[in-house]
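# Structure assessment
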Amino acid sequence: FRVGDMQAGESYTFHLSNLLKPGSLFEEGCQPVMWSKTRRGTSGDGWLREGTDIAYYPCHDAGRRHCVSFDVRFPYDDDEVFLSHAAPYTHSDFLADIAKFPEAPQRSLVPS
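A brief structural summary. (Residues numbered from 1 in each chain as written. Predicted model: local features only at pLDDT ≥ 70, side-chain atom pairs only at ≥ 80, totals over all residues. Heavy atoms only, no water.)

### Focus on the state of the cysteines
Tallied over the entire structure, the rule returns 1 disulfide. Across a sulfur-sulfur distance of 2.2 Å, Cys59 and Cys67 are joined as a disulfide pair. Looking along the S-S bond of the Cys59-Cys67 disulfide, the torsion reads about 110°, which is the right-handed sense. A relative accessible area of 9% places Cys67 in the buried class. With no disulfide of its own, Cys30 lies closest to Cys67 among cysteine sulfurs, the gap being 17 Å. (Disulfide = S-S within 2.5 Å. Buried < 20%, exposed > 50% of the residue type's maximum accessible area, 1.4 Å probe, protein only.)

Structure representation (structure tokens):
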């Protein structure tokens, strides 16, 4: 999801609900990823793991659904930031990865 109009250095807490799995990688130390438009323009960094005080727990509906909560400190004022469970893997990423292996057979995925 996208976040904007934040103040740098302030701690923001996010609560996401209606998760169905009783277990999560968040319980194993996984962190959300954050993409900052300003950071991308200044340092070239893309998606990076961010977040502290991550908790995954049952919601108040007899444990049928779960919630995750985490804190984030944004690096820049009034930035445009995206948060996600995992870094998106785009078709462009896929093509760039395939180009690293020129000896791999190049076949069409669509039958002719």
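After that view of the structure, there is still more to cover.
### Side note on the environment of Leu19
Tracing the chain through its elements places Leu19 in strand E2 (residues 11–19). A sequence separation of 48 residues divides Leu19 from Cys67, and the C-alpha atoms of the two residues are 6.0 Å apart. (Helix = DSSP H or I, 4+ residues; strand = E, 2+ residues; numbered from the N terminus.)

### Focus on the environment of Thr13
Looking at the element boundaries, Thr13 is found in strand E2. C-alpha of Thr13 to C-alpha of Thr90: the two residues are 77 residues apart in sequence and 28 Å apart in space. The contact partners of Thr13, leaving out residues within four places of it in the chain, are Phe70 and Asp71. In terms of polar contacts, Thr13 uses its side chain to reach the side chain of Asp71, at 2.5 Å. (Contact = heavy atoms within 4.5 Å. Polar contact = N/O pair within 3.5 Å; in protein donor to acceptor, adjacent residues only side chain to side chain.)

### Overview of the pattern of salt bridges
Applying the stated criterion across every chain, the model contains 4 salt bridges. As a salt-bridge pair, Glu80 and Lys37 come within 3.8 Å of each other at their nearest N and O atoms. Residue Glu80 is located in strand E7 (residues 80–84), and its partner Lys37 is located in helix H1 (residues 37–43); the two are separated by 43 residues in the primary sequence. A relative accessible area of 25% places Glu80 in the partly exposed class. By relative accessible area, which is 48% here, Lys37 ends up partly exposed. As a salt-bridge pair, Arg39 and Glu50 come within 3.1 Å of each other at their nearest N and O atoms. Of this pair, Arg39 sits in helix H1 while Glu50 sits in the loop between strand E4 (48–49) and strand E5 (52–58), and the two are 11 residues apart along the sequence. Linked through salt bridges whose partners overlap, the residues forming this network are Arg2, Lys37 and Glu80. (Salt bridge = Lys/Arg side-chain N within 4 Å of Asp/Glu carboxyl O.)

### As for the sheet that holds E2
Across the sheet, which stays open at both edges, the 3 strands sit in the order E2-E6-E5 with antiparallel pairing between neighbours. Of all the strands in the sheet, just E2 and E5 have a single pairing partner and so form its edges. For this sheet, the mean angle separating the axes of adjacent strands, direction not counted, is 15°. Note: E5 against strand E6 (residues 66–73), 5 bridges, orientation antiparallel. Looking at the pairing, Thr52 lines up with Asp71 of E6. (Pairing = 2+ DSSP bridges. Axes fitted to C-alpha atoms, helices over the stretch in contact; angles between N-to-C directions.)

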